[in-house]
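# Geometric and topological summary
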Amino acid sequence: MLSVENVTVTYGPAVVLQDISLRIGPGEIVFIAGRNGAGKTTLLKTVSGFLKPRQGTIAFQGNDVAGQRPERIARSGLRYVFQDKRVFSQLTVRENIELAAFGAGEKLSDAIAKVVSLYPKIQQFLDVPAGGLSGGQRQILLIGRALVGSPKLLLIDEPTEGLAAGTINDILNVLNDMRRWVGMLIVEQNLSVVGMLANRLYIMQEGRIVREVTDPDEIRAKSALEKYL
Ligand SMILES: Nc1ncnc2c1ncn2[C@@H]1O[C@H](COP(=O)(O)OP(=O)(O)OP(=O)(O)O)[C@@H](O)[C@H]1O
Ligand SMILES: [Mg+2]
């Protein structure tokens with residue numbers, strides 16, 4: 001579904017991503033872990049069209065998307081949920097979903113039903129300003145919004161960052177539930193979350209992918225992976 005080959009990205013003279021190759025098949029949940037500054041966000045921004053690679057190819061469902069505009073890539077079924085957890089805080093939860101539904105040409109009632117089915121508790125917050133939601137609820141709203149219009153692949157940047165344990169559990173359930181709809185490429189530093197959901201894991205260090213971990217036991221054991229974080 002997504003195939004990234006030998007991608008290099010620079011900010012001025014600084015090489016921030018070097019020779020990155022990865023792939024995600026339909027329905028897979030693939031994680032990226034690595035220290036702060038390793039280049040994880042830069043990689044997601046490049047795949048979703050917010051940055052242009054200097055070298056390499058990015059193919060999504062067989063089409064070369066490297067250098068295409070983000071709106072166009074999003075319309076083709078690849079959505080990016082940013083690291084900053086920003087919602088339209090003055091608008092209600094319903095209006096936040098409405099904006100996404102409008103952009104994707106989906107009926108508002110269908111869009112709301114999708115978000116509610118992922119996280120039924122959101123029902124009681126539909127008519128309150130989204131700025132009043134907790135961090136975890138905001139994250140779920142952002143993920144739910146990204147699902148509107150039936151994308152094929154979601155890129156999610158650190159969904160559990162800064163959240164309490166109970167809330168992380170809610171996010172885990174939501175992500176697990178979403179497997180039936182979309183593939184996901186998720187940046188995550190919490191190895192317990194990775195262990196519970198990952199089909200595969202890539203580890204980044206200083207702008208490179210230094211390991212791909214495919215053995216489920218190794219992913220779940222964590223101990224061998226902690227040195228990378
Ligand atoms: N706009 C920019 N201009 C110049 N350098 C940048 C810019 N944005 C990021 N960088 C640098 O690129 C490198 C990778 O940053 P990136 O945000 O991709 O890392 P990250 O792995 O997502 O880190 P974090 O875990 O803190 O989110 C860092 O060294 C960072 O300082
Ligand atoms: Mg980041």
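Higher on the page you've got the structure.
Residues numbered from 1 in each chain as written. Chains lettered and ligands numbered in written order. Predicted model: local features only at pLDDT ≥ 70, side-chain atom pairs only at ≥ 80, totals over all residues. Heavy atoms only, no water.

## Section: the overall build of the protein
To keep it simple, the criterion reads: Helix and strand definitions follow DSSP, with helices as H or I runs of at least four residues and strands as E runs of at least two, each counted in order from the N terminus. What the globule rule says is 2.2 Å times the number of residues to the power 0.38, and the radius of gyration is computed from C-alpha atoms. Burial classes: relative accessible area under 20% of the type maximum marks a residue as buried, over 50% as exposed, and values in between as partly exposed (1.4 Å probe, protein chains only). By definition in these notes, contact holds between two residues if any of their heavy atoms fall within 4.5 Å.
Counting its secondary structure elements, the protein contains eight helices and ten strands. Computed over the C-alpha atoms, the radius of gyration of the protein is 17 Å, within 12% of the 17 Å expected from 2.2 N^0.38 for a compact globule of 229 residues. With the principal axes as the frame, the protein shows a C-alpha extent of 45 × 40 × 30 Å. By the burial criterion, 48% of the 229 residues in the protein qualify as buried. Residue pairs at least 24 apart in sequence account for 69% of intrachain contacts in the protein once pairs closer than 6 positions are excluded.

## Focus on the coordination of the magnesium ion (ligand 2)
Note the following rule: Coordinating N, O and S atoms are those within 2.8 Å of the metal (3.2 Å for Na, K and Ca), and as water is not part of the atoms, a site may appear to have fewer donors than expected.
Looking at the magnesium ion (ligand 2), one finds its protein donor set to be Thr-41 (OG1) and Gln-83 (OE1), positioned 2.0 to 2.4 Å from the metal centre. Taken together, the positions of Thr-41 in helix α1 (residues 40-47) and Gln-83 in the loop between β6 (78-81) and α3 (93-104) put the pair 42 residues apart, joining distant regions of the chain.

## Focus on the packing of helix α4 (residues 108-118) against helix α5 (residues 135-147)
Definition in use: Lines fitted to C-alpha atoms define the axes here, with helix axes fitted over just the stretch in contact, and angles between the N-to-C directions of these axes take values from 0 to 180 degrees. Comment on the angle field: the value is read as roughly parallel under 35 degrees, roughly antiparallel over 145, roughly perpendicular from 65 to 115, and oblique elsewhere. For any pair of crossing helices, the crossing counts as left-handed if the nearer helix is rotated counterclockwise from the farther one by less than a right angle, and right-handed if it is rotated clockwise.
At a minimum axis distance of 9 Å, the contact between α4 and α5 shows a crossing angle of 135 degrees. Between α4 and α5, the interaxial angle falls into the category oblique. Between α4 and α5 lies a crossing of right-handed hand. Along its contact with α4, which presents Lys-114, Val-115 and Leu-118, the element α5 presents Gly-144, Arg-145 and Leu-147.

## Comments concerning the sheet that holds strand β5 (residues 63-64)
Threshold: Pairing between two strands requires that DSSP report at least two bridges joining them.
Overall, antiparallel pairing links the four strands, which are arranged β2-β1-β4-β5 in an open sheet. Whereas interior strands pair on both sides, the edge strands pair on one side only; in this sheet they are β2 (14-24) and β5. Relative to strand β4 (residues 55-60), strand β1 (residues 2-11) runs antiparallel, the two sharing five bridges. Bridge assignment links Thr-8 to a residue of β4, and that residue is Gln-55.

## Some points on the site of ligand 1
The condition that has to hold: The nearness test applies per residue and asks whether one of its heavy atoms lies within 4 Å of the molecule or strand. Nitrogen and oxygen atoms within 3.5 Å of one another constitute a polar contact, given that in protein one can donate a hydrogen and the other can accept it, and given that sequence-neighbouring residues count only through two side-chain atoms. Note on areas: Shrake-Rupley with a 1.4 Å probe; residue coverage comes only from the protein chains shown.
Taken together, 13 residues form the shell around ligand 1, and within it Gly-37, Gly-39, Lys-40, Thr-41 and Thr-42 come nearest. The separation between an oxygen atom of ligand 1 and a polar main-chain atom of Gly-37 is 2.8 Å. Lys-40 has a polar side-chain atom sitting 2.8 Å from an oxygen atom of ligand 1. Protein chains shield 57% of the accessible area of ligand 1, which is 640 Å² for the free molecule.

## What to know about the environment of Leu-155
Tracing the backbone shows Leu-155 in strand β7 (residues 153-157). Its relative accessible area of 0% is what places Leu-155 among the buried residues. Setting aside residues up to four positions removed in sequence, Leu-155 forms contacts with Leu-44, Val-47, Ser-48, Leu-78, Arg-79, Tyr-80, Val-81 and Leu-185.

## Considering the environment of Ala-113
Assignment of secondary structure puts Ala-113 in helix α4. The class for Ala-113 is partly exposed, based on a relative accessible area of 44%. The spacing of Ala-113 and Gly-25 is 88 residues in sequence and 27 Å in space, taken between C-alpha atoms.

## Quick word on α5
Here is the rule: What a helix should span is 1.5 Å times the count of its residues minus one.
Under the 1.5 Å per step criterion, the end-to-end length of α5 is 19 Å for 13 residues, consistent within 8% with the ideal 18 Å. Across the 13 residues that make up α5, a large majority, ten, are buried. Among all positions of α5, only Gly-136, Gln-137, Gln-139, Ile-140, Leu-141, Leu-142, Ile-143, Gly-144, Ala-146 and Leu-147 are buried. The inward-facing, buried residues of α5 contact β6, α3, α4, β7 and α6 (165-178). Gly-149 sits one or two residues past α5 and shows a positive phi near 90 degrees.

## Brief notes about the sheet that holds strand β3 (residues 29-34)
If you walk across this open sheet you meet the six strands as β6-β7-β8-β3-β9-β10, and the pairing is mixed. Each edge of the sheet is formed by a strand with only one pairing partner; in this case those strands are β6 and β10 (208-213). Across the sheet, the mean angle from the axis of one strand to that of its neighbour is 20 degrees, orientation sign disregarded. As judged from the four bridges shared by β6 and β7, these two strands associate in the parallel manner. Bridge pairing in β7 links Val-81 to Ile-156. In the packing of α6 onto the sheet, the strands contacted are β3, β7 and β8 (183-187), and the crossing angle to β8 comes to about 150 degrees.

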